[in-house]
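# Residue-level structure breakdown
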Amino acid sequence: WEFNGSFYQPSAFLMMGIPGLEALHPWISIPFCALYLSALLGNCAILFVVGRTPSLHEPMCYFLCVLALTDLGLALRTLPTTLGLFWFGVRRVGFDACLAQMYFIHILSFTESSVLLAVAFDRFAAVSRPLRHAAILGGSAVLKIGLAIVLRGALSLLPIPFLLKRLSYCGSTELSHSFCFHPDITNLACADIKVNVFYGTIILLSTVGTDFVFIVLSYVLIIRTVLGLTTREECLKALNTCVSHICAVLLFFIPMIGLSMIHRFGKNVPPLVSALVAYTYLIIPPALNPVIYSIKSTHIREALLRALCRKRG
C-alpha cells in the first residue's frame, strides 16, 4: 500500500475467476482456450482472406476487417490475465497495469459498438441506394470513419484512468472478474465516486447508447425500404444480407447492457451470474463474429474455402 495522509492507493488488485468454482478452474480453462483460439484464428483468417481477395475490397468487408482487428484486440487484452488465473492461480495485477488494461478494453468495446453502427449504415446504403453504394462508402470514406471511431473512443475515455487514480482505496482490493472494468474498480474506492459514476454514465450513453439507438433506427429504415420492394424474393434477398450483422449486434449489446446494469444497480445479483455475463460480453463476440460472418456471407465463405484448398494443394 502507498500511504499519504488520508490517501490510500493499493499497489495491486486481486482478480477473481468464477466464484464458487475455483477448484475447477483448470478444467474451465479448456472451453476458454477453445474460445480464445477461435477468436485469434477466425479473425486472422478474415483479415488474411479480405486482404488477399480483390473481389472483397468493398465497404462491408473493410468494416468487417476493422471489426476483426477490434475483436483481436479484445481477445489479446483479456487472454493473459484470464488464462494466467485459470492455469497458474495468478490473481495479482498491478494498479497501473489494471488501469491500462481497463482503458484499452473500454476503447475496444466502444470501437466495436461504433463499427456495428457503421455496418448498419452500410447495409442501409446497400439496400436503399444499391447503385451508389460504392460511391457513398468508398475507401477514403471508410478510412475516415475508422479514424473517427478510434479517436472518439480514445479521447472520450482518456479522463477515466486519471479519475480512478485520484480516488482512495482503503477497503477490499478484490475485483469481480479476471480483467479490469471501470465500474468494478470504482466500487472498491472508499472516497466520493459521484464524478466517476456520472462521467462513466454520460460517456456510455453518449457513445454506446447513441450507437444502439442509431442501429435500431437504421434497421427501421431498412425494413421500410425492403417492404417497398416489388417481389418477395427481392425482400428476402435484401434482408438476408443483414442477418449476420443483426446476430453480431445482439451478441455484443445484450451482454454489454446486462453487465453495465449489474455493476450499477445489481447489488444483490449472485457473483456467478455477474462473472458469466462478463465473460459472455468479452469472449463470446470475438470468438463467434468470424463464424457468423463466414456462414452468412457467401463471398467470404467461398474465399475462405479457396484459401484452404490452395494450402492443401
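Residues numbered from 1 in each chain as written. Predicted model: local features only at pLDDT ≥ 70, side-chain atom pairs only at ≥ 80, totals over all residues. Heavy atoms only, no water.

## Overview of helix α1 (residues 25-52)
- With 28 residues, α1 ought to run about 40 Å at 1.5 Å a step, and its terminal C-alpha atoms sit 40 Å apart, in line with that.
- Of all the bends in α1, the greatest, near 25°, is centred on Pro31. (Helix = DSSP H or I, 4+ residues; strand = E, 2+ residues; numbered from the N terminus. Expected span 1.5 Å × (residues − 1). Bend = angle between axes of the 7 residues up to and from the residue.)

## Overview of the UniProt feature "transmembrane region" (unreviewed entry) in the chain
- The UniProt record annotates "transmembrane region" (unreviewed entry) at residues 24-50, 62-88, 100-121, 133-155, 197-222, 243-266 and 272-292.
- Secondary structure content for residues 62-88 is 100% helix and 0% strand, while the C-alpha to C-alpha distance between its ends is 39 Å.
- Across residues 197-222, the secondary structure splits into 100% helix and 0% strand, with the terminal C-alpha atoms separated by 36 Å. (UniProt positions renumbered as here; feature names shortened; annotations may be inferred.)

## Comments concerning the pattern of salt bridges
- Counted by the stated rule, this structure contains four salt bridges.
- Salt-bridge contacts for Glu174 lead to Arg91; the nearest nitrogen and oxygen are separated by 2.5 Å. Note that Glu174 is positioned in the loop between α6 (159-165) and α7 (182-186) and Arg91 in the loop between α2 (59-88) and β4 (92-94), a separation of 83 residues in sequence.
- Residue Glu174 is classed as partly exposed on the basis of its relative accessible area of 34%.
- The exposure class assigned to Arg91 is partly exposed, which follows from its relative accessible area of 31%.
- The partner of Asp122 in a salt bridge is Arg123, and the shortest N-O contact between them spans 2.7 Å. (Salt bridge = Lys/Arg side-chain N within 4 Å of Asp/Glu carboxyl O. Buried < 20%, exposed > 50% of the residue type's maximum accessible area, 1.4 Å probe, protein only.)

## Concerning the nonpolar core
- In this structure, Phe13, Phe32, Tyr169, Leu175 and Ile185 are the most contacted members of the largest nonpolar core, which totals 83 residues.
- A per-element tally of this core places helix α3 (residues 95-128) first, with 15 residues.
- When sequence neighbours within four positions are dropped, the list of residues in contact with Phe13 reads Arg91, Arg92, Val93, Phe95, Cys98, Tyr169, Thr173, Leu175, Ile185 and Leu188. (Core = buried A, V, L, I, M, F, W, Y, C linked by side-chain atoms within 4.5 Å. Contact = heavy atoms within 4.5 Å.)

## Observations regarding the packing of helix α8 (residues 194-227) against helix α10 (residues 243-265)
- Running from N to C, α8 and α10 point in directions that differ by 150°, and their axes come no closer than 12 Å. It follows that α8 is roughly antiparallel to α10 by the angle criterion. For the crossing formed where α8 meets α10, the hand is left-handed. Side by side, α8 and α10 meet where Gly200, Thr201, Leu204, Val208, Phe212, Ile215 and Tyr219 of the first sit next to His245, Ile246, Val249, Phe253, Met256, Ser260 and Arg264 of the second.
- Class assignment for the residues of the contact of α8 with α10 results in nine nonpolar, four polar and one charged. (Axes fitted to C-alpha atoms, helices over the stretch in contact; angles between N-to-C directions. Parallel < 35°, antiparallel > 145°, perpendicular 65-115°, else oblique. Left-handed = near helix turned anticlockwise from the far one by under 90°. Nonpolar A, V, L, I, M, F, W, Y, C, P; charged D, E, K, R; others polar.)

## Some remarks on the side chain of Thr70
- When you line up the elements, Thr70 lands in helix α2.
- Side-chain polar atoms of Thr70 contact the backbone oxygen of Val66, separated by 2.8 Å.
- Setting aside residues up to four positions removed in sequence, Thr70 forms contacts with Leu108, Thr111 and Glu112. (Polar contact = N/O pair within 3.5 Å; in protein donor to acceptor, adjacent residues only side chain to side chain.)

## Thoughts on the packing of aromatic side chains
- The final tally for this structure, using the stated rule, is 14 aromatic pairs.
- With a centroid separation of 5.0 Å and an interplanar angle of 85°, the aromatic rings of Phe32 and Tyr279 are classed as edge-to-face. Of this pair, Phe32 sits in helix α1 while Tyr279 is found in helix α11 (residues 271-296), placing the two residues 247 residues apart along the sequence. The pair Phe32 / Tyr279 is uniform in exposure class, with both members buried.
- Ring geometry for Trp87 and Phe88: centres 6.1 Å apart, planes at 80°, overall edge-to-face. (Phe/Tyr/Trp six-rings, centres within 6.5 Å; stacked < 30°, edge-to-face > 60°.)

## Some remarks on the state of the cysteines
- Scanning all chains against the criterion turns up two disulfides.
- One disulfide in the model links Cys98 with Cys180; its S-S distance is 1.9 Å. Between Cys98 and Cys180 the disulfide shows an S-S torsion of about -125°. By sign, it is left-handed. With a gap of 82 residues between them, Cys98 in helix α3 and Cys180 in the loop between α6 and α7 connect regions that are remote in the sequence. (Disulfide = S-S within 2.5 Å.)

## Remarks on a nonpolar patch on the surface
- Nonpolar side chains collect at one region of the surface, where Leu21, Leu24, Trp27, Ile30, Leu272 and Leu276 lie side by side and expose about 590 Å² of accessible area between them.
- At the level of elements, α1 and α11 are the ones that each hand at least two residues to the nonpolar patch.
- Mapped onto the secondary structure, Leu21 falls in the loop between β3 (12-14) and α1. (Patch = residues over 30% accessible without salt bridge, like charges linked within 9 Å, V, L, I, M, F, W, Y side chains within 5 Å. Areas by Shrake-Rupley, 256 points an atom, 1.4 Å probe, with all protein chains shown as cover.)

## Notes on the packing of α2 against α11
- One can describe the packing of α2 onto α11 by two numbers: an axis separation of 9 Å at closest approach and a directional angle of 140°. The angle between α2 and α11 falls in the class oblique. You can see that α2 and α11 cross each other, and the crossing is left-handed. In this structure, α2 contributes Met60, Leu64, Leu67, Asp71, Leu74, Thr78, Thr82 and Phe86 to the contact, and α11 contributes Tyr279, Leu282, Pro285, Pro286, Asn289 and Tyr293.

## A closer look at the side chain of Arg123
- Relative to the elements of secondary structure, Arg123 occurs in helix α3.
- In contact with Arg123, other than residues within four places in its own chain, are Met60, His133, Tyr219, Ile222, Thr241 and Cys242.

## Focus: the environment of Val119
- Residue position: Val119 is located in helix α3.
- Each C-alpha atom of the pair Val119 and Tyr62 lies 9.6 Å from the other, and the pair is 57 residues apart in sequence.
- Discounting chain neighbours no more than four positions away, the residues touching Val119 are Met60, Phe63, His245 and Tyr293.

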